[in-house]
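Structural description and commentary
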Amino acid sequence: MKFILDSKFFFKIYSSTAEFPDNWDIIANKNIFLKSAYLVILEIAAPKNMSCNFIGIFKNDILVGIGLSQFIDLNMLELFGERDKSIKTSVRNFIFKKLSSNVLFMGNNMLTGKNAYAFSDEINEIQCLKILKLALTAIKANLKSKGNKVHITTFKDFNTEGVKHFSIPEFKNQFRFSPQPNMIFKIDRNWKTDQDYINALTKKYRDQYKRARKKAEGIIKRKMNLEDIITHEDTIYDLYFHIAKNAPFNTFFLTKNHFRVLKKQLKDQFLFYGYFLDGKLIGFNTLVKNGEVMDTYFLGYDDSIQREKMLYLNMLYDMIAYSINKGFKEIIFGRTALEIKNSVGAIPHETFAFMEHSNKLINNKLVCIFHYLEPQSTWPQRNPFKG
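All of the points below concern the structure found in this document. (Residues numbered from 1 in each chain as written. Predicted model: local features only at pLDDT ≥ 70, side-chain atom pairs only at ≥ 80, totals over all residues. Heavy atoms only, no water.)

Cis geometry marks the peptide bond from Lys 156 to Asp 157; its omega dihedral reads -25°. Within the secondary structure, Asp 157 sits in strand 7 (residues 152-158). The phi dihedral of Lys 267 falls on the positive side, at around 50°, and the residue is not glycine. The exposure class assigned to Lys 267 is exposed, which follows from its relative accessible area of 53%. (Helix = DSSP H or I, 4+ residues; strand = E, 2+ residues; numbered from the N terminus. Buried < 20%, exposed > 50% of the residue type's maximum accessible area, 1.4 Å probe, protein only.)

What follows is the structure in structure tokens.
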């Protein structure tokens, strides 16, 4: 679909990566999650309740900007998460089902970080945002024509600097909110090996490291290729799903073939590590190389063994060790398990998003509704490093 804006600009909405213009990946150069190799995964192995559209912004017939939108239908989920069983959680789930079940994201709801759009020097960020806002309006109209009325539109995730670009009339009705922070591990430029990281820890956290490694004795970590992933696919999914369904809230669940498709598409840029005990797969973690940044992806584990073996903490140490040894500058740990990630050296970074409800009355009350449903968690931030 092509939408002409003026004599210079127009945008196109694509439902398939096969339709992309040739220079799409040039615009997406710095972000693997906007490149066609990754976006194909969203076509063929996205969660069942998710559909994606891809936006191309053109200036004088030349592609100057790209964007990703995701439509999520929460009515297709049998559960949002089983961990919390309070009345408040039941009320929250009812509200999402009845009033906010159809959500349109500008960005990637499967990831943490700014993965919504990219653009060239031929357009500035404010121009890009204005056009993407119009593109979402067009996508909403198309969804409505198919019987899917969008309740909420959301632009996610932006840092303090990125928020400044939203101070324009097009976003005056948007509710700005701050979800859980993104935990980012900055790698000291003087660290050349993981031993440098260990040496930088205070005694308390060096002891924690030693204790975790001691607990993990007997577990064999193995880098798994595509054939390994396919062989263990059922167990992998069971391990993932156990963790996912016990999260406090979920808007999607991965398909069983997601990891094999990811490996086929991203090849060596996607890392899959299995953890085995007595020959049995008991856990896994995944990483995506994104330029000089390492993005942590999904993981899974046998919860009973994880407690005994401190498996999750050992996974964090393994991710840190690999990233240091391979020369990455930082690790994106996302916005779950904040306190344990802080204990290994990750620091919380505030992120922002913008939300608008299609019902004006509800939209005016979003600030009250949001803070009731998702209160900010508090936890003691610590510094595990010397000095």
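Moving on, there is more to tell.
For the structure shown, the criterion picks out 37 aromatic pairs. Measuring from ring centre to ring centre gives 5.7 Å for Tyr 14 and Phe 20, while their planes differ by 70°; the resulting arrangement is edge-to-face. Just as Tyr 14 is buried, Phe 20 falls in that class too. Considering the side-chain rings of Trp 191 and Tyr 197, the 5.7 Å spacing of their centres and the 75° angle between planes classify their relative orientation as edge-to-face. The pair formed by Trp 191 and Tyr 197 is uniform in burial state, with each residue classed as buried. By the ring-pair criterion, three or more aromatic residues cluster together here, those being Tyr 237, Tyr 240, Phe 241, Phe 252, Phe 253, Phe 259, Phe 270, Phe 272, Phe 284, Tyr 297 and Phe 298. In this structure, Lys 12 packs its charged tip against the face of Phe 58, placed 5.5 Å from the ring centre. (Phe/Tyr/Trp six-rings, centres within 6.5 Å; stacked < 30°, edge-to-face > 60°. Lys NZ or Arg CZ within 6 Å of the ring centre and 35° of its normal.)

Pairing is mixed across the open sheet formed by 7 strands, whose spatial order is 10-11-12-13-14-9-15. The open sheet terminates on both sides in strands that have one partner only, identified here as strand 10 (219-223) and strand 15 (347-349). Sheet twist, expressed as the mean angle between neighbouring strand axes with direction ignored, is 30°. As judged from the 7 bridges shared by strand 12 (residues 280-290) and strand 13 (residues 293-301), these two strands associate in the antiparallel manner. Within the sheet, the bridge partner assigned to Gly 283 lies in strand 13 and is Tyr 301. (Pairing = 2+ DSSP bridges. Axes fitted to C-alpha atoms, helices over the stretch in contact; angles between N-to-C directions.)

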